[in-house]
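Analysis of the macromolecular model
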Amino acid sequence: MATADNSKRIKGQTGEWEVVIGMEVHAQVTSEAKLFSGASTAFGGAPNSHVSLVDAAMPGMLPVINRRCVEQAVRTGLGLRAQINLKSVFDRKNYFYPDLPQGYQISQFKSPVVGEGKVVVDMPDGESIEVGIERLHLEQDAGKSVHDRHPTMSGVDLNRSGVALMEIVSKPDIRSSEEAKAYVSKLRSILRYLGTCDGNMEEGSLRADVNVSVRKPGDALGTRCEIKNVNSIRFIGQAVEYEARRQIEILEEGGKIVQETRLFDANKGETRSMRSKEEAHDYRYFPDPDLLPLEFDQNFVDSIAASLPELPDEKKLRLMKEGGLSAYDAGILVNERETADYFEEVAKGRDAKVAANFVINELFGRLNKEGKAISSSPVSSSQTGAILDLIAEGTISGKIAKDLFEVVWTEGGDPRAIVEKRGMKQVTDPGAIEKVIDDIIAKNPAKVEEAKAKPKALGWFVGETMKATGGKASPQVVNELLKKKLEL
Amino acid sequence: MSVDDDTVRRIARLARIAVEEKEIPHWRGEINAVLKFAEQLNEVNVDGVEPMTSVTPMQLPMREDKVTDGEVPEKVLSNAPQTQDGFYLVPKVVE
């Protein structure tokens, strides 16, 4: 375990403190049916509709495991460069809650399907950290309680009950709220590339339990508190910041940290104790007698490994190596699989750097402005590619390209046809541009003197020429001609 | 291995079984008798023996990822003491 560099430490009254964070991320497995029943996993739906009698824990019902969920767990393990266990065991985790009809959750305790692995996390400042994965195991989700439908009763909906989750447990390798956020973002990105979890945090497909403790640098680990069910990356950052400061304050006043479960209140931006969970930690795990051990052979693992897609780390390196992109640009492009796919379609057979600039500046800029995802971009990758071709062959200038992009964004259509129809072609014929330039030079003798004395004043002539040609003159040709005419 | 009265109370609480105070010594005796009976197994040397999980040599059967069940809310709710608009109703649980 590395000790954090000074910049990550938190200043207290008695000096600097180091924050130590470990995370348990619950990721919903992408599958049609539930982990142990044939009911649908679809989000929403009328209450208690996507529920089989297995999920409702009716007497005599037996769980039968969904092969796809096992494959997804193995696929994720491979994506996390983790050890895959050919034999693992399902256990019962016993506790009582109204949204848990069985009175236990089927989970994996002693023998998880996936063992140790690691995730490389790129920080915004260019630094990379490595976060160890302790384990990944399969388990059932619980149902959902709603409290606002009745004055004295809670409603229970079992649609989520029995949906497969992967619990991904990190080692306590995270040292700041920024690292915590970046770790979950990276994990989410890997899961989405793998297609094993949709990563939709609003729908609860990805949520994190965050373990936070503080210590003086070099000391042994402090007592930790677990913040349950934080469901957005921003909230993870806020919860860590608040919790670390709370613990530091207690310790500096001579108090002790009580190991407990806390919840994050997003409205108040604070964590508070969940008293109901105090006694819940005695889960009396034991192997589920309804289920044999989960066993598969190395061929099963190898066939999944053979179908793994290129993951963000590899893709980033390839874009840097093959396309000459900067680490920063490549990082932005590979973060989401859809974005990377879009970029690669645009860059195919074209200059990768030019394509990256245009996609990042024009397309992402516009998408962010409208709050749209790349999947709903009105400009397709082939349309963007066509715009880049028009620039490359000199038909339009970079400036006209921006106008053209705007037209394609709002009205759609074939960029080349739009350029034809609207006369957006840049003028490259030196004769035509020369005439305009001669005219401007003749009318502005004072400016000519100025430009001769101070070559920077050339910009004024470029501007005037562009204005006179309706922005269609080739900037390159204009510059060359002006330099010649003004003898610069 | 044996349990004391406090452990009996704790087990009852975890299992949500109401046990009256005067019954505790009785249950302590029952549980300790069961534990003592099972302790006979300690006499067998099981070094290097894998735990037996099934009496028939078979593999965990698996199911294809197909939706084949559910969409029977009326069946699911048929034994519920109280329901409303498709929800089970339970005493208020709120954090």
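Rules and cut-offs
Residues numbered from 1 in each chain as written. Chains lettered and ligands numbered in written order. Predicted model: local features only at pLDDT ≥ 70, side-chain atom pairs only at ≥ 80, totals over all residues. Heavy atoms only, no water. Pairing = 2+ DSSP bridges. Helix = DSSP H or I, 4+ residues; strand = E, 2+ residues; numbered from the N terminus. Contact = heavy atoms within 4.5 Å. Buried area = accessible area lost by both parts, 1.4 Å probe. Salt bridge = Lys/Arg side-chain N within 4 Å of Asp/Glu carboxyl O. Polar contact = N/O pair within 3.5 Å; in protein donor to acceptor, adjacent residues only side chain to side chain. Nonpolar A, V, L, I, M, F, W, Y, C, P; charged D, E, K, R; others polar. Buried < 20%, exposed > 50% of the residue type's maximum accessible area, 1.4 Å probe, protein only. Disulfide = S-S within 2.5 Å. 1 Å grid on protein atoms, 1.4 Å probe; cavity = no way out; pocket = protein on both sides within 12 Å on 5 of 7 lines; lining within 4 Å. Points joined across faces, edges and corners; volume = space filled by probe spheres on them. Core = buried A, V, L, I, M, F, W, Y, C linked by side-chain atoms within 4.5 Å. Domains from an automatic or database assignment. Arc of directions from axis to C-beta.

Concerning the sheet that holds strand 6 (residues 104–107) of chain A
Here we have 3 strands laid out as an open sheet, ordered 6-5-16 (chain A), and antiparallel in their pairing. Edge positions in the open sheet fall to strand 6 and strand 16 (286–287) of chain A, since each of these has one partner strand only.

Quick notes on the interface of chain A and chain B
Accessible area lost when the parts come together is the quantity often used to give the size of an interface. Each side of the interface is counted separately: chain A has 54 residues, and chain B has 40 residues. Taken together, both faces of the contact between chain A and chain B bury some 4,300 Å²; the carbon and sulfur share is 57%. For the interface between chain A and chain B, the tally reads 4 salt bridges. For Arg-10 of chain B, the salt bridge identified is with Asp-282 of chain A, shortest N-O distance 2.9 Å. Run the count over chain A and chain B and you get 25 residue pairs in polar contact (both at pLDDT 80 or more). Listing elements by their share of the side of chain A that touches chain B, those giving two or more residues are strand 3 (65–66), helix 1 (67–79), strand 9 (144–146), strand 10 (153–157) and strand 17 (294–295) of chain A. A per-element tally of the side of chain A that touches chain B places strand 10 of chain A first, with 5 residues. For the side of chain A that touches chain B, the class distribution of residues is 26 nonpolar, 16 polar and 12 charged. Pairing of strand 3 of chain A with strand 1 (residues 62–63) of chain B involves 2 bridges; the strand directions are parallel. By the bridge assignment for strand 1 of chain B, Asn-66 of chain A is matched with Arg-63 of chain B.

Points about the environment of Leu-325 of chain A
Relative to the helices and strands, Leu-325 of chain A resides in the loop between helix 5 (312–323) and helix 6 (327–334). Distance in space between the C-alpha atoms of Leu-325 of chain A and Asp-438 of chain A is 42 Å, their sequence separation being 113 residues.

Remarks on the side chain of Ser-205 of chain A
Residue and element names in this part refer to chain A. Looking at the element boundaries, Ser-205 is found in the loop between helix 2 (177–194) and strand 12 (206–215). Here Ser-205 falls in the buried class, since its relative accessible area comes to 3%. Side-chain polar atoms of Ser-205 contact the side chain of Asp-198, separated by 3.0 Å.

Some points on the state of the cysteines
Here the structure, examined in full by the defined rule, presents 0 disulfides over all chains. Not engaged in a disulfide, the cysteine Cys-197 of chain A finds its nearest cysteine sulfur in Cys-69 of chain A; these two sulfurs lie 12 Å apart.

Regarding the layout of surface pockets
Residue and element names in this part refer to chain A. Space inside the second largest pocket adds up to approximately 850 Å³. Elements represented by at least two residues in the lining of the second largest pocket include exactly strand 7 (117–122), helix 2, helix 5 and helix 6. When residues in the lining of the second largest pocket are grouped by element, the largest group, 8 residues, is from helix 2. Of the residues that constitute the lining of the second largest pocket, the class distribution is 10 nonpolar, 6 polar and 11 charged.

Brief notes about the nonpolar core
Residue and element names in this part refer to chain A. Judged by nonpolar contacts, the single largest core of 105 residues is most densely connected at Met-23, Ile-168, Tyr-183 and Phe-343. Built from parts of two domains, this core gets at least three residues from each of domain 1 (6–304) and domain 2 (312–422). Aside from chain neighbours lying at most four places away, what touches Ile-168 is Met-23, Glu-24, Val-25, Ala-27, Thr-76, Leu-80, Ile-133, Arg-135, Leu-136, Tyr-183, Leu-187 and Leu-191. Formed by 16 residues, the second largest nonpolar core is a distinct cluster that contains Ile-433, Ile-440, Ala-451 and Val-462.

A short note on helix 7 (residues 337–347) of chain A
Residues and elements named next belong to chain A. Along helix 7, the residues classified as buried are Thr-339, Ala-340, Tyr-342, Phe-343, Val-346 and Ala-347. End-on view of helix 7: buried residues confined to an arc of 160°, all on one side of the axis. Tucked into the core, helix 7 has its buried residues touching helix 2, helix 5, helix 6, helix 8 (352–370) and helix 9 (381–392). Positive backbone phi, approximately 75°, marks Gly-349, located one or two places after helix 7.

Here's the deal with empty space enclosed by the protein
Residue and element names in this part refer to chain A. The final tally for this structure, using the stated rule, is 1 cavity of 30 Å³ or more. Of the volumes computed, that of the largest cavity is approximately 80 Å³. Along the walls of the largest cavity sit Val-54, Asp-55, Asp-99, Leu-100, Pro-101, Gln-102, Gln-140, Asp-141, Ala-142, Gly-143, Ser-161 and Gly-162, which together make up its complete lining. Classifying every residue of the lining of the largest cavity by side-chain character gives 4 nonpolar, 5 polar and 3 charged.

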